[in-house]
Amino acid sequence: MTKKLYIETVGCQMNVLDSELVVASLRKRGYELTRDSGDADTILFNTCSVREHAEEKIYSALGRLKNAKQKNPNKIIGVIGCMAQNHQRTVFERAPYVDLVVGPGQLHQVPDLIDKIAAGGGQQLEVSLGRKDGTRTEIERSHESFDPLRDPSMRPTPFQAYVRIQIGCDKFCTYCIVPSVRGPEQSRHPEDILAEARQLASEGCKEITLLGQTVNSYRYRDGDRTTRMSDLLYALHEIEGIERLKFVTNYPKDMTDDLLAAVRDLPKACKYLHVPAQTGSNRMLQRMKRGYTIEEYREMHQRIREWLPEAAVTSDFIVGFSGETDEDFELSCDLVRECRFKNSFIFKYSVRPGTKGADLYADDVPEETKRVRNNELLALQNEICEADNQRFLGRQVEVLIEGRSKAAERRDEQGDAVQLVGRTMCDRIVVFDGNLRQVGQTLPISIYDANAHTLFGAVVTQHVGPELFSLTT
Ligand code: 5AD
Ligand code: SF4
């Protein structure tokens, strides 16, 4: 009998990819997906630990399942991903009816562990070694990635896929939990990456987003041969069927000229670079241990502008990090004004136990100040987004059509003629009226309106002669 799996995913694209792989491995064991947790035999939460709020929301969701588990003790409830690695047994302590806790480096074990629980084996916990719990090699080995299993139904769309090129992180920014939960930085073998991309292309995938915490630090050494991120892009560019290549997230210090040249010279490489600055203040950068000064960030940004004048550059900012004064915050505003990012993700600092930041610095910026700064920086960024999007009025852009727009989903528009949404090569969102048959195609769209986060346009219709017209209708 088929069993039903309900899976909820929060956090970054890495987690979206991990969920795809877990679902693929469970399908092999006869599971099918359900959208209704009440109906599910197994409920999994793929979790994030970057901010406390994300973890607390999972405990609330687990709390809501307590009764369901009492009524049906055979229901299997699992917490997987970063929070599983971060909290380990604490998950069982706070929610004793949870059956399964599996860290991101052990996800390949999920199907066997579920079988064990179903066979009466009790609670199961599988996590990787901590960053001080063994030699580098032992710790690396304890973080396994099992990428080749794919499941098209779990992708953002059938023609867009993530491919992991690197796991873990060695940068140890003082605020960040990622190096602890995702382990040491390890780059995947280029041949494995290429094989996976070819497989995806053969399944009809047109856009590949390469994933790594510091994706541009990618480096694979094989004897005296080193493959860099730029080399990977050239190799991936050869794959027939792939139309677009993106990569996230970039680390400012590793934005080398060879990579910028590859993005410039390869038509399939999206002119879109997410390079988080985190703050505009040197004092904060030092406390965050980001490894660069604001002058170095500016120089890097300037280089991007020189090599790729049309590129969309986006950033992340943390407001209210320990010791951040009004002056420090103003420096972040200055950087946003100066770089005119296409977009910035802005986060209020959330102290993460187990990080250097939590040990060394007090979380001393009041919540209210964090909130005010967050809103202020967001308002400034939005102004820039809106002004810059106006530049697209009257222009034509190439859009890879992803599906029905959010508004069309909300209105539950029926029929083939619906409002659609897609993205430009620069990752700009475009909404226009079209036909469901166009989903998955790349079409020219003429832009007639814009707000801060969306361009509005119309499909450019090609003019054809009468003889051709009769053939095409
Ligand atoms: N508090 C707030 N934001 C954080 N980020 C990482 N750790 C924290 C934290 N402790 C943000 C950074 C990073 C993004 C993914 O999340 O801006 O780039
Ligand atoms: Fe976290 Fe810094 Fe690594 Fe990014 S580079 S994952 S912010 S430690």
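Residues numbered from 1 in each chain as written. Chains lettered and ligands numbered in written order. Predicted model: local features only at pLDDT ≥ 70, side-chain atom pairs only at ≥ 80, totals over all residues. Heavy atoms only, no water.

This is how it is decided: UniProt positions are given in the numbering used here, feature names are shortened, and annotations may be inferred rather than shown by experiment.
Going by an unreviewed UniProt entry, the chain carries the name tRNA-2-methylthio-N(6)-dimethylallyladenosine synthase and comes from Lacipirellula limnantheis. Check the Subcellular location (unreviewed entry) section of the UniProt entry for the chain; it says "Cytoplasm". Annotation of the chain in UniProt includes, under Sequence similarities (unreviewed entry), the sentence "Belongs to the methylthiotransferase family. MiaB subfamily."

**Some details on helix α10 (residues 229-237)**
As a reminder, the rule being used: The rule is simple: take the accessible area with a 1.4 Å probe, protein chains only, and divide by the maximum for that residue type; under 20% is buried, over 50% is exposed, in between is partly exposed. A run of H or I in DSSP counts as a helix once it spans at least four residues, and a run of E counts as a strand once it spans at least two, with each numbered from the N terminus. For this quantity, the arc is that covered by the directions from the helix axis to the C-beta atoms. Any two residues whose heavy atoms approach within 4.5 Å are treated as being in contact.
Along α10, the residues classified as buried are Met229, Ser230, Leu232, Leu233, Leu236 and His237. The buried residues of α10 occupy one face: seen down the axis, they fall within an arc of 155 degrees. Looking at the buried residues of α10, the elements they touch are α9 (190-202), β10 (207-211), β12 (225-228), β13 (244-248) and α11 (257-265).

**As for the site of ligand 1**
Where we set the bar: Near, as used in this document, describes a residue that has one of its heavy atoms within 4 Å of the molecule or strand being considered. Here a polar contact means two N or O atoms within 3.5 Å. Within protein one must be a hydrogen donor candidate and the other an acceptor candidate, and residues neighboring in sequence count only if both atoms are side-chain atoms. As a working rule, the residues Ala, Val, Leu, Ile, Met, Phe, Trp, Tyr, Cys and Pro are called nonpolar, Asp, Glu, Lys and Arg charged, and the rest polar, with Gly in that last group.
Taken together, the neighbourhood of ligand 1 is formed by Val50, Arg51, Tyr175, Gln278, Asp316, Ile318, Phe347, Lys348, Tyr349, Ser350 and Arg352. Within the side chain of Arg51, one N or O atom sits 3.2 Å away from an oxygen atom of ligand 1. The backbone of Tyr175 places a nitrogen or oxygen atom 3.0 Å from a nitrogen atom of ligand 1. At the level of secondary structure, the elements contributing two or more residues to the shell around ligand 1 comprise β15 (312-319) and β16 (343-348). Residue composition of the shell around ligand 1, grouped by class: 5 nonpolar, 2 polar and 4 charged.

**A look at the pattern of salt bridges**
This is how the line gets drawn: The rule for a salt bridge is simple: a side-chain nitrogen of Lys or Arg has to be within 4 Å of a carboxyl oxygen of Asp or Glu.
Evaluated as defined, the whole model comprises 42 salt bridges. Residues Asp231 and Arg228 are paired through a salt bridge, measuring 3.3 Å at the closest nitrogen-oxygen approach. What emerges from the salt-bridge pattern is a single network uniting Glu20, Arg150, Arg155, Arg188, Glu196 and Glu203.

**A look at the domain arrangement of the chain**
The condition is simple: Segmentation of the chain into domains, including their bounds, is taken from an automatic or database domain assignment. Accessible surface is computed with a 1.4 Å probe, and the buried area is the amount of it that two parts give up when combined, taken over both parts together.
Looking at the chain, the domain boundaries give domain 1 (3-133), domain 2 (140-387) and domain 3 (393-459). Taking only C-alpha atoms, the centre of domain 2 and the centre of domain 3 are 26 Å apart. Together, Phe159, Arg244 and Lys342 form the three largest contributors to the area buried by domain 2 at its contact with domain 3, with a combined 36%. The tally of links between domain 2 and domain 3 comes to 3 salt bridges. Between Arg395 and Glu310 there is a salt bridge; the shortest N-O distance is 3.6 Å. Along the contact surface separating domain 2 from domain 3 lie 9 residue pairs in polar contact (both at pLDDT 80 or more). Take the side of domain 2 that touches domain 3: its biggest share by element is 3 residues, from helix α16 (residues 367-390).

**Quick word on the packing of aromatic side chains**
What counts, and what does not: A pair of Phe, Tyr and Trp rings is counted when the ring centres sit within 6.5 Å of each other, with Trp represented by its six-membered ring. The angle between the planes then sorts it: under 30 degrees is stacked, over 60 is edge-to-face, the rest tilted. Charge over a ring is defined by NZ of Lys or CZ of Arg lying within 6 Å of the ring centre and within 35 degrees of the ring normal.
Inspection of the entire model under this criterion finds 7 aromatic pairs. Consider the rings of Tyr292 and Tyr297, whose centres lie 6.1 Å apart with planes at 40 degrees: the pair is tilted. In this structure Tyr292 comes out as buried when scored by relative accessible area, which is 6%. With relative accessibility at 1%, the residue Tyr297 sits in the buried group. A centroid spacing of 6.4 Å and a plane angle of 65 degrees characterise the contact between Tyr297 and Phe341, whose relative ring orientation is edge-to-face. Here Tyr297, found in helix α13 (residues 294-307), pairs with Phe341, found in the loop between α14 (326-339) and β16; they are 44 residues apart in sequence, far enough to count as distant. Since its relative accessible area comes to 0%, Phe341 is described here as buried. Each residue in the set Tyr251, Tyr292, Tyr297, Phe317 and Phe341 is aromatic and connected to the rest through ring pairs, giving one cluster. Taking NZ or CZ as reference, Lys171 lies 4.8 Å from the ring centre of Tyr251, over its face.

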